[in-house]
Amino acid sequence: MSHSLIPVILAGGKGERFWPLSRRDRPKQFLSLDGSSKSLLQATADRLLTLAGGWDHLWVITSSQIAEGVRQQLPDLPEQNLLIESEGRDTAAAVAWTSLEINKRYGEDAVIGFFPADHWIADQKVFANTLSAATQLATSTAAIVTLGIKPTFPSTGYGYIEQGEKIGSFNELPAYHVHRFTEKPNRETAENFLATGRFSWNSGMFVFRAGVVLKELHTHAPEIIQPLEQQGPDVYPQLPKKSIDYALMEKTSLAYVLPVEFGWDDLGDWNAIERLLKTEDNPNVELATHVGLDTQGAIVYASNPDDVVVTIGLEDVVIVRDRNVTLIVNKERTQEIKQILKTLQSDPRFTDLL
């Protein structure tokens with residue numbers, strides 16, 4: 001093989017916590033949220049293209065509802081490299097199916113990397129060096145390598161990875177056997193994690209050889225991999241809905257972690273915009289025409305440049321104006337946008353807002 005890594009973009013998510021900007025016809029990965037002209041999906045593809053050696057070796061897996069949008073966003077992506085899920089079954093099914101297809105085309109020694117479409121990466125050079133190190137580890141060892149982000153604050157919104165025994169260095173990056181994965185902790189637990197220096201945030205980015213992950217899936221998730229092998233993607237609606245963390249990573253003894261620093265954010269909700277774009281000279285983050293009086297700590301977004309948002313005496317709120325919807329929410333409660341969407345889904349008056 002003339003290329004060392006086959007990157008796969010996981011692009012099937014809905015991005016509900018970015019509603020009302022993110023909707024069924026325009027999910028989060030199609031949005032530009034960092035002030036650039038590129039969508040999250042396009043930016044992810046750009047940073048992976050060089051590593052893939054061009055479009056022929058870059059893959060995307062997405063849902064049938066937004067597959068046409070992916071084609072429009074990435075017109076140079078070969079059709080045979082676009083896998084379309086008939087129904088979303090979480091990341092374990094996506095990883096299993098894609099790994100099977102890449103194994104068929106390239107063989108079991110092919111090194112595959114999985115990357116969510118909604119991540120922001122600051123330092124592309126360090127990111128590329130990190131993936132080179134992960135590829136070296138995956139090539140030399142029966143390893144399922146995960147990229148662990150060195151924490152910068154005691155986040156309660158991310159899962160954590162505790163590093164165990166150090167097994168060597170690759171591109172001057174230390175690699176460790178994973179001791180355990182931990183789900184999103186409370187604040188006190190997160191602070192204790194950071195104090196030990198042994199924990200990383202779980203980025204959801206993985207690198208491994210096709211044959212290694214398929215063998216481990218047979219051991220730990222046969223209910224997913226065996227139906228796919230026997231019946232192909234037509235069996236998708238019958239597959240259990242599990243994350244790759246739950247189905248495999250928390251069970252395998254082959255998990256390794258590279259704790260890395262390249263400037264990273266999982267753009268999970270509107271508060272991520274503040275982390276990316278907040279400046280010292282403005283009390284608010286404004287992606288709209290905003291006229292404010294005694295307003296601070298606000299995130300203001302309007303998709304129509306002709307719309308004007310006027311605020312008086314507000315603090316720590318998110319205001320989003322998109323088409324026929326205005327959202328106003330306290331920044332501490334943006335995770336609850338999903339609950340509002342369930343309410344809207346149950347009322348036929350609001351179907352067009354989803």
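This one's a predicted model, so the numbers in the text were calculated from it and none came from an experiment.

**Student:** Help me understand the pattern of salt bridges in this model?
**Tutor:** Two side chains with opposite charge may pair up if their charged atoms get near one another. Tallied over the full model, the rule gives 22 salt bridges. Taking the shortest distance from any N to any O, the salt bridge between Glu223 and Lys242 comes out at 2.7 Å. Within this pair, whereas Glu223 is found in helix α7 (residues 222–231), its partner Lys242 is found in the loop between α7 and α8 (244–249), the two being separated by 19 residues in sequence. Beyond isolated ion pairs, a larger network of salt bridges with shared partners links Arg23, Asp25, Arg26, Asp322 and Arg323.

**Student:** Would you take a moment to explain the sheet that holds strand β17 (residues 325–330) for this structure?
**Tutor:** The pairing of strands in a sheet happens through backbone hydrogen bonds and is either parallel or antiparallel. Sheet architecture is open: four strands sit in the order β12-β14-β16-β17, paired in mixed fashion. Each end of this open sheet is capped by a strand with a single partner; those strands are β12 (285–287) and β17. Within the sheet, the average angular offset between the axes of one strand and its neighbour, ignoring direction, is 5°. Sheet topology places β12 next to strand β14 (residues 299–302); three bridges connect them, and they run parallel. Within β14, the position partnered with Val285 by the bridge is Ile299.

**Student:** Looking at this structure, how should I read the environment of Leu239?
**Tutor:** One can find Leu239 in the loop between α7 and α8. Spatially, the C-alpha atoms of Leu239 and Glu223 are 7.4 Å apart, while their sequence positions differ by 16 residues. Not counting chain neighbours up to four residues away, the residues in contact with Leu239 comprise Arg89, Ala93, Glu223, Ile224, Pro227 and Leu228.

The rules behind each value
- Residues numbered from 1 in each chain as written.
- Predicted model: local features only at pLDDT ≥ 70, side-chain atom pairs only at ≥ 80, totals over all residues.
- Heavy atoms only, no water.
- Salt bridge = Lys/Arg side-chain N within 4 Å of Asp/Glu carboxyl O.
- Helix = DSSP H or I, 4+ residues; strand = E, 2+ residues; numbered from the N terminus.
- Pairing = 2+ DSSP bridges.
- Axes fitted to C-alpha atoms, helices over the stretch in contact; angles between N-to-C directions.
- Contact = heavy atoms within 4.5 Å.

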